[in-house]
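Structural overview
Here's the letter readout for the chains.
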Amino acid sequence: MKYFFLFISLIFLTACSKNATDENCKFLVNAAVNVSINMNLPEYSQLQFTSNSVYIANAGNQGVIVTNVGSSFRAWDAADPNHEQRPCSRLAINGVNAVCGCDDANKYSLFTGGPVGVQLSCGLKEYRVSVSGNSLLITN
């Protein structure tokens, strides 16, 4: 009888899958990111003010969005992590949020990386930001 319970316990332990969130967050690849930007340049000068964001193409999955969050900077992959990568899944900056261009129009906070208004499996993929004077180095 104890072997029966051991067998049943073994089945339950091995039948459990990994976290469902991990399974749903498989659309982004670990693309190498190593971008340096100078905030003195006109295209990045708005990062000197809180709540402003800029899009940087040719980095990450579909670009990188950098945001001044007041006391620091945060950088997010510009690809919607909640569905397969298509041209419409690139996020666009809309105030303090990033919005997916696909029909689902998923919305994410550029301050926290979390979804806004709805429950989604995945938040935005974040990259490290190092500050050196008026330059930012974004890496993963």
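Description of the structure in this document.

Cut-offs applied
- Residues numbered from 1 in each chain as written.
- Predicted model: local features only at pLDDT ≥ 70, side-chain atom pairs only at ≥ 80, totals over all residues.
- Heavy atoms only, no water.
- Helix = DSSP H or I, 4+ residues; strand = E, 2+ residues; numbered from the N terminus.
- Buried < 20%, exposed > 50% of the residue type's maximum accessible area, 1.4 Å probe, protein only.
- Contact = heavy atoms within 4.5 Å.
- Pairing = 2+ DSSP bridges.
- Disulfide = S-S within 2.5 Å.
- Phe/Tyr/Trp six-rings, centres within 6.5 Å; stacked < 30°, edge-to-face > 60°.
- Lys NZ or Arg CZ within 6 Å of the ring centre and 35° of its normal.
- Core = buried A, V, L, I, M, F, W, Y, C linked by side-chain atoms within 4.5 Å.

1. Observations concerning the environment of Thr67
Note that Thr67 resides in strand 3 (residues 64–68). The exposure class assigned to Thr67 is buried, which follows from its relative accessible area of 1%. Along the backbone, Thr67 and Phe49 are 18 residues apart, and their C-alpha atoms lie at a distance of 9.4 Å. Sequence-distant contacts of Thr67, defined by excluding residues within four places in its chain, comprise Leu47, Asn52, Ser53, Ser72, Phe73, Arg74, Trp76 and Leu110.

2. Comments concerning the pairing of strand 1 (residues 34–38)
Because side chains alternate across strand 1, one face comprises the buried residues Val35 and Ile37, and the other comprises Asn34, Ser36 and Asn38, none of which is buried. Two elements, strand 1 and strand 9 (residues 135–139), share 5 bridges in a ladder whose sense is antiparallel. Note on strand 9: the bridge partner recorded for Asn34 is Thr139.

3. A short note on the state of the cysteines
Applying the stated criterion across every chain, the model contains 1 disulfide. Across the disulfide, Cys88 is cross-linked to Cys102 (sulfur-sulfur distance 2.0 Å). On the sign convention where negative means left-handed, the S-S torsion of about 85° between Cys88 and Cys102 marks this disulfide as right-handed. Of the two residues, Cys88 sits in the loop between strand 4 (73–77) and strand 5 (91–94) while Cys102 sits in the loop between strand 6 (97–100) and strand 7 (107–109), which places them 14 residues apart along the sequence. Cysteine Cys100 shares no disulfide, and the gap to the nearest cysteine sulfur, in Cys102, comes to 3.8 Å. Relative accessible area serves as the criterion here: at 3%, Cys100 is assigned to the buried category.

4. What to know about the packing of aromatic side chains
Evaluation of the coordinates by the stated rule reveals 0 aromatic pairs. The ring of Tyr55 carries Arg90 above its face, with NZ or CZ at 4.4 Å from the centroid.

5. Some details on unusual backbone geometry
Leaving glycine out, the prevailing phi sign among residues is negative, and the prevailing peptide bond configuration is trans. One non-glycine residue, Asn58, adopts positive backbone phi at about 60°. With respect to the secondary-structure elements, Asn58 resides in the loop between strand 2 (53–56) and strand 3. Backbone geometry places Ala105, a non-glycine residue, at a positive phi of 50°. Relative to the assigned elements, Ala105 resides in the loop between strand 6 and strand 7.

6. A look at the nonpolar core
Formed by 16 residues in total, the largest nonpolar core has its most connected members in Ile37, Leu47, Val64, Val66 and Ile138. Contributions of two or more residues to this core are made by strand 1, strand 2, strand 3, strand 4 and strand 9. Residues in contact with Val66, not counting those within four places in the same chain, are Leu47, Asn52, Ser53, Val54, Ile56, Arg74, Ala75, Leu136 and Ile138. If you look at the next biggest cluster of nonpolar residues, it comprises 10 residues, including Ile65, Trp76, Ala78 and Leu91.

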